[in-house]
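Okay, here's what each chain looks like letter by letter:
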Amino acid sequence: MPTPAELQERIRAALPGAEVTVDDLTGGGDHFRAEVVSDRFEGLSRIQQHKLVYDVFGTEIGGAIHALSIKTSTPGATP
Amino acid sequence: MNNDEIREFIQQAIDENNVMLFMKGTPNQPACGFSARTAGALNALGVQYAALDILPDPRIREELSGLSGWPTIPQLFVNKELVGGSDIVMEMFESGELAELLGVEQPEESPEPEPEVAQRPIGLENRLD
């Protein structure tokens, strides 16, 4: 069962320098919420930003990770 | 119905409906909180939209995600383009961007949207046999 810390680490590894917070929404290890602040998102649409985060987990989304709620922003943007 | 036919059906639904929502359950009986919130945002804006329940056959979700490159449900398409899942739709609803995209007035009160009315469900399940 994935833990928030694991998810956090994997997003950080994929998006170096990103500020990442992951919470387990239900405590059940399958519904997560990730807040990611990264300069990699600069100039990208929301869709593209979220896809970058989803891509870290590939087919695990919908599988082991039932749901991953995402909020992305860039360091300069207001949250 | 084989996978190609399902994908074709999905593509047709996207092409033929300006506002097309793929969700778990129906707008009246959503089967997942994320789908409920997304349908609720559309209901709160009073737009007409088509909704397709992806649950009756797992291949619907496989083909939809294959087509859109988006792994989760719900998925909202406006004018044939993927707008996003529930996080993006809710962010856009709250900021007024969704109303703008759909060409409607942002409601003055934005209470937690409740799923109800104004939908046109598409039945795929009865075409799967």
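Structure's up top.
Anyway, here's the lowdown on the structure attached to this text. In this text the structure is predicted, and so the values were computed from the model without any measurement. Counting of residues starts from 1 at the beginning of each chain's written sequence and follows it residue by residue. In the order they appear in the text, chains get letters beginning with A and ligands get numbers beginning with 1. Totals for whole chains, interfaces and linings use all residues, but because this is a predicted model, local features are given only for residues with pLDDT of at least 70 and pairs of side-chain atoms are given and counted only at 80 or more.

**A look at the overall build of chain A**
So, point 1. In DSSP terms, a helix is any run of H or I states spanning at least four residues, a strand is any run of E spanning at least two, and both are numbered starting from the N terminus. Helices and strands together make up the secondary structure of chain A, namely two helices and three strands.
So, point 2. Traced from its N-terminal end to its C-terminal end, chain A shows the element sequence α-β-β-α-β.
So, point 3. This radius of gyration counts C-alpha atoms alone. The globule rule is 2.2 Å times how many residues there are, raised to the power 0.38. Here the C-alpha radius of gyration of chain A, 12 Å, is about what a compact globule of 79 residues would show, namely 12 Å.
So, point 4. Seen through its principal axes, chain A has C-alpha atoms that stretch 35 × 20 × 20 Å.
So, point 5. Every C-beta atom is placed from the backbone, and the number of other C-beta atoms within 10 Å of a residue's own sets its class: buried at 20 or more, exposed at 12 or fewer, partly exposed in between. For chain A, with 79 residues in total, the buried portion stands at 29%.
So, point 6. Intrachain contacts of chain A at a sequence separation of at least 6 include 45% that bridge at least 24 residues. Residues are scored as being in contact if the C-beta atoms we place from backbone atoms lie within 7 Å.

**Brief notes about the packing of helix 2 (residues 33–45) of chain B against helix 4 (residues 86–95) of chain B**
Residue and element names in this part refer to chain B.
So, point 1. Axis lines are fitted to C-alpha atoms, over the contacting stretch for helices. Their N-to-C directions set the angle, which ranges from 0 to 180 degrees. Relative orientation of the contacting elements helix 2 and helix 4 amounts to 30 degrees, with a least axis distance of 9 Å. In this structure, helix 2 crosses over helix 4, and the sense of that crossing is left-handed. Contact residues: Phe-34, Arg-37, Thr-38 and Ala-41 in helix 2; Ser-86, Val-89, Met-90 and Phe-93 in helix 4.
So, point 2. Among the residues forming the contact of helix 2 with helix 4, the class breakdown is five nonpolar, two polar and one charged. In a left-handed crossing the near helix is turned counterclockwise from the far helix by less than a right angle, and in a right-handed crossing that turn is clockwise. Throughout, the ten residues Ala, Val, Leu, Ile, Met, Phe, Trp, Tyr, Cys and Pro are labelled nonpolar, Asp, Glu, Lys and Arg are labelled charged, and all others, Gly among them, are labelled polar.

**Structural notes on the environment of Glu-81 of chain B**
So, point 1. Position of Glu-81 of chain B relative to the elements: it lies in strand 4 (residues 81–84).
So, point 2. The spacing of Glu-81 of chain B and Ile-6 of chain B is 75 residues in sequence and 19 Å in space, taken between C-alpha atoms.

**Structural notes on the sheet that holds strand 1 (residues 19–24) of chain A**
All names here are of chain A.
So, point 1. Paired strands are those between which DSSP finds at least two bridges. Strand order in this open sheet of three strands is 1-2-3, and the pairing throughout is mixed. Of all the strands in the sheet, the pair left with one neighbour each is strand 1 and strand 3 (67–73). Ignoring which end each strand starts from, the neighbouring axes of this sheet average 15 degrees apart.
So, point 2. Bridge analysis of strand 1 against strand 2 (residues 31–37) gives six bridges, and the strand direction is antiparallel. Across the sheet, Val-22 pairs through a bridge with Ala-34, a residue of strand 2.

**As for unusual backbone geometry**
Residues and elements named next belong to chain B.
So, point 1. Residue Pro-74 is bonded to the preceding Ile-73 through a cis peptide linkage, with omega at 10 degrees.
So, point 2. Structurally, Pro-74 can be placed in the loop between helix 3 (58–68) and strand 3 (75–78).
So, point 3. The phi torsion at Asn-79 lies on the positive side, around 50 degrees, for a residue other than glycine.
So, point 4. Along the polypeptide, Asn-79 turns up in the loop between strand 3 and strand 4.
So, point 5. Since 12 C-beta atoms lie within 10 Å of it, Asn-79 is described here as exposed.
So, point 6. Even without a glycine there, the phi angle at Lys-80 is positive, about 70 degrees.
So, point 7. With respect to the helices, strands and loops of the structure, Lys-80 is situated in the loop between strand 3 and strand 4.

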